[in-house]
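In case you want the letters, here they are:
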Amino acid sequence: DKRENFGFPIVKYPSIKSNIHSTTIYNVFITQMIRYSRVCNDLKYFLIALKSLFKNMESKGCKRYILMKKLFKYLTKKDILSKYNMTLEFNDIYFLLTSYLKN
């Protein structure tokens, strides 16, 4: 994303402290995940994009456990896993997500 190279901060996503209902903010997270999964052909780049999105949404005040819940629900859809030729169990997805999101 070329905006990351700008010398000033860019507001990409709404804050949980804004006057927007929290459901709308979490829906932004979901729609961005959908967008990334459509654009990224490689699982590695999809996970890198998710990590950036996840950290950005957390910095805006979103609760980690809600983000993880939404992320897990989205990733367990068969069309997403089949796109990346994957069949994962809960423990595998949890390990994958936590290893990419820990830093």
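Definitions and limits used
- Residues numbered from 1 in each chain as written.
- Predicted model: local features only at pLDDT ≥ 70, side-chain atom pairs only at ≥ 80, totals over all residues.
- Heavy atoms only, no water.
- Helix = DSSP H or I, 4+ residues; strand = E, 2+ residues; numbered from the N terminus.
- Buried < 20%, exposed > 50% of the residue type's maximum accessible area, 1.4 Å probe, protein only.
- Contact = heavy atoms within 4.5 Å.
- Areas by Shrake-Rupley, 256 points an atom, 1.4 Å probe, with all protein chains shown as cover.
- Phe/Tyr/Trp six-rings, centres within 6.5 Å; stacked < 30°, edge-to-face > 60°.
- Expected span 1.5 Å × (residues − 1).
- Arc of directions from axis to C-beta.
- Core = buried A, V, L, I, M, F, W, Y, C linked by side-chain atoms within 4.5 Å.

## Things to note about the overall build of the chain
Point 1. Assigned secondary structure in the chain consists of five helices and zero strands.
Point 2. Start at the N end of the chain and walk to the C end: the helices and strands fall as α-α-α-α-α.
Point 3. Put simply, the chain has 103 residues, and 30% of those count as buried.
Point 4. Put simply, 60% of the contacts in the chain that link residues at least 6 apart link residues at least 24 apart.
Point 5. Of the accessible surface of the chain, which amounts to about 7,100 Å², a share of 54% is contributed by carbon and sulfur atoms.

## Observations concerning the packing of aromatic side chains
Point 1. Counted under the stated rule, the structure contains one aromatic pair.
Point 2. Between the aromatic rings of Phe29 and Phe54, the centroid separation amounts to 6.2 Å while the plane-to-plane angle is 70°, which identifies the pairing as edge-to-face. Of this pair, Phe29 sits in helix α1 (residues 22-39) while Phe54 sits in helix α2 (residues 43-59), and the two are 25 residues apart along the sequence.
Point 3. Judged by its relative accessible area of 0%, Phe54 falls in the buried class.

## Observations regarding α1
Point 1. Relative to the 26 Å expected for 18 residues at 1.5 Å per residue, α1 spans 26 Å between its end C-alpha atoms, a close match to the ideal helical length.
Point 2. Those residues of α1 lying buried are Ile25, Tyr26, Phe29, Gln32, Met33, Tyr36 and Ser37. For α1, the angular spread of buried residues about the axis comes to 135°, placing them on one side. For α1, exposure combined with an orientation more than 90 degrees from the buried face picks out Arg38 and Val39.

## Some thoughts on the nonpolar core
Point 1. One finds Phe29, Phe46, Leu53 and Met57 to be the most contacted residues of the largest nonpolar core, which totals 22 residues.
Point 2. Contributions of two or more residues to this core are made by α1, α2 and α3 (64-75).
Point 3. When residues of this core are assigned to their parent elements, the largest contribution, seven residues, is made by α2.
Point 4. In this view, Phe29 contacts Leu53, Phe54, Met57, Leu67, Lys70 and Leu71; residues no more than four positions away in its chain are not counted.

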